[in-house]
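Working through the structure, step by step
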Amino acid sequence: MSNVEILLDGEPVTCAEGLPLTELLMSRAPWWRQSPKLHAARGMFCGMGLCFECVVEVDGVWSRACLERTRAGMEIRTGQQGGRG
C-alpha cells in the first residue's frame, strides 16, 4: 500500500491508501465515538453499514465510515474538531 495525505478535521494526516476509515478514526481521533453516559472512547458497533453510528462527513457528504476506504485528498470531518466538540 502507498501512503496518501488526507484532511482529518482540518489537519493533514498521512496514512496508508485503502485503509478502512474506521481504523484511521479510532487511532487518530479517539474522541470520534464516545459513550453518551461515560464520555469514554467507544469502538465500532456493527462495522457493516447497518447502524449508522459511524457517520462522518467525507468530502462534504455524510457517509458511514465503516464503508469508506482512505484515498488521496479526501477530507473527513467528525464534528468534533480536535476533540473539543
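So, a few notes on the structure that sits alongside this text. Computed from a predicted model, the values in this text were never measured in an experiment.

What follows covers the overall build of the protein chain. The secondary structure content of the protein chain amounts to one helix and five strands. Each helix and strand of the protein chain, placed in order from N terminus to C terminus, yields the pattern β-β-α-β-β-β. When each of the 85 residues of the protein chain is scored for burial, the buried share is 33%. Across the protein chain, contacts joining residues at least 24 apart in sequence account for 38% of those joining residues at least 6 apart.

A few words on the nonpolar core. When a protein is soluble and globular, its nonpolar side chains tend to lie buried together. Within the largest apolar cluster, 17 residues are counted, with the highest numbers of intra-cluster contacts made by Ile-6, Leu-21, Leu-24, Leu-25, Val-56 and Ile-76. Elements supplying a minimum of two residues to this core: β1 (3-8), β2 (11-16), α1 (21-28) and β3 (55-58). Dropping the residues within four chain positions of it, Leu-24 is found in contact with Ile-6, Val-13, Cys-15, Leu-19, Ala-29 and Thr-70.

By secondary structure assignment, the location of Asp-9 is in the loop between β1 and β2. You can call Asp-9 buried: its relative accessible area is 8%. Residues Asp-9 and Ala-29, spaced 20 residues apart in sequence, show a C-alpha to C-alpha distance of 9.1 Å. At 2.6 Å, the side chain of Asp-9 and the side chain of Thr-78 are in polar contact.

Attention shifts here to the environment of Thr-22. Mapped onto the fold, Thr-22 is located in helix α1. In this structure the C-alpha to C-alpha distance between Thr-22 and Leu-67, which are 45 residues apart in sequence, comes to 8.5 Å.

Within the structure shown, the criterion is met by three salt bridges. Glu-68 is the salt-bridge partner of Arg-71, the closest N and O atoms lying 3.2 Å from each other. Of the residues examined, Arg-71 reaches a relative accessible area of 35% and is grouped as partly exposed. Between Arg-77 and Glu-75 there is a salt bridge; the shortest N-O distance is 2.8 Å. Residue Glu-75 is classed as partly exposed on the basis of its relative accessible area, which comes to 27%. Connected through salt bridges with shared partners, the residues Asp-59, Glu-68 and Arg-71 form a single ionic network.

Criteria and cut-off values
Residues numbered from 1 in each chain as written. Predicted model: local features only at pLDDT ≥ 70, side-chain atom pairs only at ≥ 80, totals over all residues. Heavy atoms only, no water. Helix = DSSP H or I, 4+ residues; strand = E, 2+ residues; numbered from the N terminus. Buried < 20%, exposed > 50% of the residue type's maximum accessible area, 1.4 Å probe, protein only. Contact = heavy atoms within 4.5 Å. Core = buried A, V, L, I, M, F, W, Y, C linked by side-chain atoms within 4.5 Å. Polar contact = N/O pair within 3.5 Å; in protein donor to acceptor, adjacent residues only side chain to side chain. Salt bridge = Lys/Arg side-chain N within 4 Å of Asp/Glu carboxyl O.

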